[in-house]
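Okay, here's what each chain looks like letter by letter:
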Amino acid sequence: MTKRIGILTAGGDAPGLNAAIRGFGRAALGQYDMKLFGFHNGFRGLADNDCIELNSASLSGILTVGGTILGTSRDKVHRMVVDGEEKDMVPHIAKVYEKNKLDALVTLGGGGTAKNALKLAKAGMNVLHLPKTIDNDIWGTDDSFGFATALEIATEAVDRLHSTAHSHHRIILVEIMGHKAGWLTLGAGIAGGADIILIPEIPYSIDKIAAKIGQRQASGKHFSVIAVAEGAMDTDYARKLKAAEDLIKAADTPETKEAAKRHKEVLADSQREHTFALARQLEAATGLESRVTILGYVQRGGTPVAADRLLATRLGTMGAAAIADGESGVMVATHGTETTLVPLEKVAGKTKFVPVDHEWVRTAREVETGLGD
Ligand code: F6P
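Residues numbered from 1 in each chain as written. Predicted model: local features only at pLDDT ≥ 70, side-chain atom pairs only at ≥ 80, totals over all residues. Heavy atoms only, no water.

A.B. asks: Outline the overall build of the chain, listing residues and values.
C.D. replies: Along the chain, the regular secondary structure elements total 13 helices and 14 strands. Taking 21 Å as the expected radius of gyration for a compact globule of 373 residues, we find that the chain reaches 22 Å, a close match to that expectation. The burial tally for the chain puts 50% of its 373 residues in the buried class. Intrachain contacts of the chain at a sequence separation of at least 6 include 73% that bridge at least 24 residues. Carbon and sulfur atoms make up 51% of the accessible area of the chain, which amounts to about 17000 Å² in all. (Helix = DSSP H or I, 4+ residues; strand = E, 2+ residues; numbered from the N terminus. Rg over C-alpha atoms; globule rule 2.2 N^0.38 Å. Buried < 20%, exposed > 50% of the residue type's maximum accessible area, 1.4 Å probe, protein only. Contact = heavy atoms within 4.5 Å. Areas by Shrake-Rupley, 256 points an atom, 1.4 Å probe, with all protein chains shown as cover.)

A.B. asks: Outline the site of the ligand, listing residues and values.
C.D. replies: Every residue lining the ligand is accounted for by R74, I134, D135, M177, G178, H179, E230, Y297 and R300. Within the contact set of the ligand, an oxygen atom lies 2.6 Å away from a side-chain nitrogen or oxygen of R74. A distance of 2.8 Å separates an oxygen atom of the ligand from a polar side-chain atom of R300. Within the shell around the ligand, the residues separate by chemical class into three nonpolar, two polar and four charged. (Near = heavy atom within 4 Å. Polar contact = N/O pair within 3.5 Å; in protein donor to acceptor, adjacent residues only side chain to side chain. Nonpolar A, V, L, I, M, F, W, Y, C, P; charged D, E, K, R; others polar.)

A.B. asks: Give me the packing of aromatic side chains: which residues, what numbers.
C.D. replies: Throughout the structure, instances matching the rule amount to two aromatic pairs. With a centroid separation of 6.5 Å and an interplanar angle of 20 degrees, the aromatic rings of F147 and W360 are classed as stacked. Within this pair, whereas F147 is found in helix α5 (residues 147-168), its partner W360 is found in helix α13 (residues 359-366), the two being separated by 213 residues in sequence. For F147, a relative accessible area of 10% puts it in the buried group. Given the relative accessible area of 28%, W360 is considered partly exposed. Here W183 and W360 contribute two aromatic rings whose centre-to-centre distance is 5.6 Å and whose plane-to-plane angle is 85 degrees, an arrangement assigned as edge-to-face. Of this pair, W183 sits in helix α6 (residues 183-192) while W360 sits in helix α13, and the two are 177 residues apart along the sequence. (Phe/Tyr/Trp six-rings, centres within 6.5 Å; stacked < 30°, edge-to-face > 60°.)

A.B. asks: Give me the lowdown on helix α3 (residues 90-99), citing residues and values where you can.
C.D. replies: Buried residues of α3: V90, I93, V96 and Y97, and no others. Buried residues along α3 cover an arc of 110 degrees about the axis, so they all sit on one side. Along α3, exposed side chains directed more than 90 degrees from the buried face belong to P91, K95, E98 and K99. Close packing links the buried residues of α3 with β2 (35-39), α2 (43-47), β6 (104-109) and α4 (111-122). Of the residues trailing α3, K101 is marked for its positive phi of about 50 degrees. (Arc of directions from axis to C-beta.)

A.B. asks: Got a sec to walk through the nonpolar core? Specific residues and values, please.
C.D. replies: Residues V174, I176, L184, L186 and I197 are the most contacted members of the largest nonpolar core, which totals 30 residues. Listing elements by their share of this core, those giving two or more residues are α5, β9 (171-176), α6, β11 (224-229) and α13. For this core, the leading source of residues is α5, giving seven residues. Counting residues in each nonpolar core, the second largest holds 29 residues, with A10, L102, V347 and A348 among its members. (Core = buried A, V, L, I, M, F, W, Y, C linked by side-chain atoms within 4.5 Å.)

A.B. asks: Lay out the sheet that holds β9 with the relevant residues and their values.
C.D. replies: The strand order across the open sheet built from four strands is β10-β11-β9-β12, with neighbouring strands paired in parallel fashion. Single-partner strands in this sheet number two, and they are β10 (196-198) and β12 (290-294). Here the average twist between neighbouring strands, direction ignored, is 20 degrees. Bridging between β9 and β12 involves five bridges; their strand directions are parallel. If you follow V174 over to β12, its bridge partner there is T293. Running at roughly 175 degrees to β10, α6 makes contact with β9, β10 and β11 of the sheet. (Pairing = 2+ DSSP bridges. Axes fitted to C-alpha atoms, helices over the stretch in contact; angles between N-to-C directions.)

A.B. asks: So what's going on with the environment of K115? Residues and values would help.
C.D. replies: Note that K115 resides in helix α4. The exposure class assigned to K115 is partly exposed, which follows from its relative accessible area of 45%. Expressed as a C-alpha distance, the spacing of K115 and G349, which sit 234 residues apart in the sequence, is 6.3 Å. Look past the residues within four positions of K115 in its chain and what remains in contact with it is A348 and G349.

This is the structure in structure tokens:
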């Protein structure tokens, strides 16, 4: 019997989403005789039953296109704002799933989307997840599509900043995305030859950074390019953050938990624009003029590189095969050169951070890149 499959993209967009929709769709329609329905704007479109049938014409010409033809949002299934109020939309979504006679739902997204997908799976829907994020922080998979493209973009920025930093004898700090993980900054910093790389997993000390810049000056290099992860932090902030997180864990009533969470939010607020604050501190410590470049959303835009197109197509086609085999409650992951299925239960709620002894960290140290520690 022809299977009816829903598909949606949720969370921040990333290059390769359309390649994955196409990969899944072509295999689903062409190899497994399925029908495919695209829901708009993430879980919001699912709740609103806002969907279109995808056919071979709508799947054509999208392999190289950035963004997502379906649109996306950061709406959560259990806390969706409807008529100004947060509602648990899972029971309603289950009805939409039934009404459309869906046999499975495919979610394309990161860790947050995996959590939402698991909630739907627990409510009885057949869900399959494809890992997308420029952050490369999804637990249970070596790769996620979007990362390779963002890595190229960030690396090119680090490259280009060298000549201007050199000409003006300046420190240039380039802030790179990655949420709470340092993969993108570490990768782009190594590939672009940043002099110093700061990632959340290795809290930095201003004195250590200033000393490294001082060494460079002493050897005649009167400029430095610093790759700073958006989640990077100094040792003092790291200590305060750990204390705030411990407070949340230790809270034993809803009131104390709320208060502890608020405390953490206030702390996080104090960290806004931390790259600018760091630039000012380094200017004072080294006497070198400092400038900041925030790469921001340029890292998520535009056409996916070949590696992301290939990965997205592999994961998409593997996803269609898995649904044809009756798999559900799983994420299609990569492990080395293989594609595998990982239970969503194992993925949801976890983050893949850079291990401090990771080979990339050792590589950076070997080429004498400062890591601020
Ligand atoms: O997860 C992708 C990402 O681009 C992160 O690197 C960044 O922290 C976040 O999304 C930005 O989110 P938003 O698009 O909601 O501003």
